[in-house]
Amino acid sequence: MKNTLSREDFIFTIGYDGPAAVVDSQAKKRYSSFTAGELAEKGLFRAAYAAAVWSKDPKELETVVGIYNKVSGSSVSDFASLQRLFGVFPVEVKRSIII
């Protein structure tokens, strides 16, 4: 699926209003330059997972899972569990609402 939002808008989407993604402007402004691993190290696991999903890089996904397991004491190994946990799925949304 083709990414239709910018990386930053996808990572910091907090919900949807019809066909538009609702984006947290404060988090986007503060953390948009962070990598998936850096977001995870800050404890921003949902954003970290979204960054890894956006990149489609298995190594980034593994990094996020590793940090999440270390911090939480979990042993999550499949990405479907994290998808359900964080509610992050690639979707086709063409516009965003910045709040």
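Just above sits the structure.
Residues numbered from 1 in each chain as written. Predicted model: local features only at pLDDT ≥ 70, side-chain atom pairs only at ≥ 80, totals over all residues. Heavy atoms only, no water.

J.: Summarise the overall build of the protein; cite the residues concerned and give the values.
T.: Scanning the protein from terminus to terminus reveals six helices and three strands. Against the globule reference of 13 Å for 99 residues, the protein gives a C-alpha radius of gyration of 13 Å, in line with a compact fold. When the backbone C-alpha atoms are referred to their principal axes, the protein occupies close to 35 × 25 × 20 Å. Relative to its full complement of 99 residues, the protein shows a buried share of 38%. Side chains of the protein give 13 positive and 11 negative charges; the mean places of these two sets differ by 3 Å. (Helix = DSSP H or I, 4+ residues; strand = E, 2+ residues; numbered from the N terminus. Rg over C-alpha atoms; globule rule 2.2 N^0.38 Å. Buried < 20%, exposed > 50% of the residue type's maximum accessible area, 1.4 Å probe, protein only. Lys, Arg positive; Asp, Glu negative; His and termini not counted. Charge placed at Lys NZ, Arg CZ, Asp CG, Glu CD.)

J.: If you had to explain the packing of helix H5 (residues 58–72) against helix H6 (residues 79–86) to someone new, which residues and values would you point to?
T.: Relative to each other, H5 and H6 sit at 70 degrees, their axes nearing to 11 Å. Here H5 lies roughly perpendicular to H6, going by the angle between them. At the point where H5 passes H6, the crossing takes the left-handed sense. Across the interface between the two elements, Leu61, Glu62, Val65 and Tyr68 of H5 pack against Phe79, Leu82, Leu85 and Phe86 of H6. Residue classes in the contact of H5 with H6 are distributed as seven nonpolar, no polar and one charged. (Axes fitted to C-alpha atoms, helices over the stretch in contact; angles between N-to-C directions. Parallel < 35°, antiparallel > 145°, perpendicular 65-115°, else oblique. Left-handed = near helix turned anticlockwise from the far one by under 90°. Contact = heavy atoms within 4.5 Å. Nonpolar A, V, L, I, M, F, W, Y, C, P; charged D, E, K, R; others polar.)

J.: Please set out the nonpolar core residue by residue, giving values where relevant.
T.: Phe12, Leu39 and Tyr49 are the most contacted members of the largest nonpolar core, which has 31 residues in total. Put simply, the parts of the chain that give this core at least two residues each are helix H1 (7–11), strand E2 (20–23), helix H2 (25–31), helix H3 (36–41), helix H4 (45–55), H5 and H6. Among the elements that line this core, the one with the most residues is H4, at nine residues. (Core = buried A, V, L, I, M, F, W, Y, C linked by side-chain atoms within 4.5 Å.)

J.: Let's hear about unusual backbone geometry: which residues, and what values?
T.: In the Ramachandran plot, Lys56 falls in the positive-phi region, its phi being about 60 degrees despite a non-glycine side chain. When you line up the elements, Lys56 lands in the loop between H4 and H5. Classification of Lys56 as exposed rests on a relative accessible area of 53%.

J.: Run through the side chain of Thr13, naming residues and quoting values.
T.: By secondary structure assignment, the location of Thr13 is in strand E1 (residues 13–17). For Thr13, the residues in contact, after removing those within four places along its chain, are Leu5, Ala21, Val22, Val23 and Arg46.

J.: Which residues make up a nonpolar patch on the surface, and what values do they have?
T.: A cluster of nonpolar side chains, Tyr16, Phe89 and Val91, forms an exposed patch at the surface whose accessible area comes to about 270 Å². Positionally, Val91 belongs in the loop between H6 and strand E3 (95–98). (Patch = residues over 30% accessible without salt bridge, like charges linked within 9 Å, V, L, I, M, F, W, Y side chains within 5 Å. Areas by Shrake-Rupley, 256 points an atom, 1.4 Å probe, with all protein chains shown as cover. Salt bridge = Lys/Arg side-chain N within 4 Å of Asp/Glu carboxyl O.)

J.: Requested: an account of the sheet that holds E1, with residues and values cited.
T.: Working definition: the strands of a sheet are paired by backbone hydrogen bonds and lie parallel or antiparallel to each other. Overall, mixed pairing links the three strands, which are arranged E1-E2-E3 in an open sheet. Among the strands making up the open sheet, the edge pair consists of E1 and E3. Adjacent strand axes in the sheet meet at a mean angle of 35 degrees, parallel and antiparallel pairs treated alike. (Pairing = 2+ DSSP bridges.)

The quantities given are spatial measurements derived from coordinates; they are silent on function.
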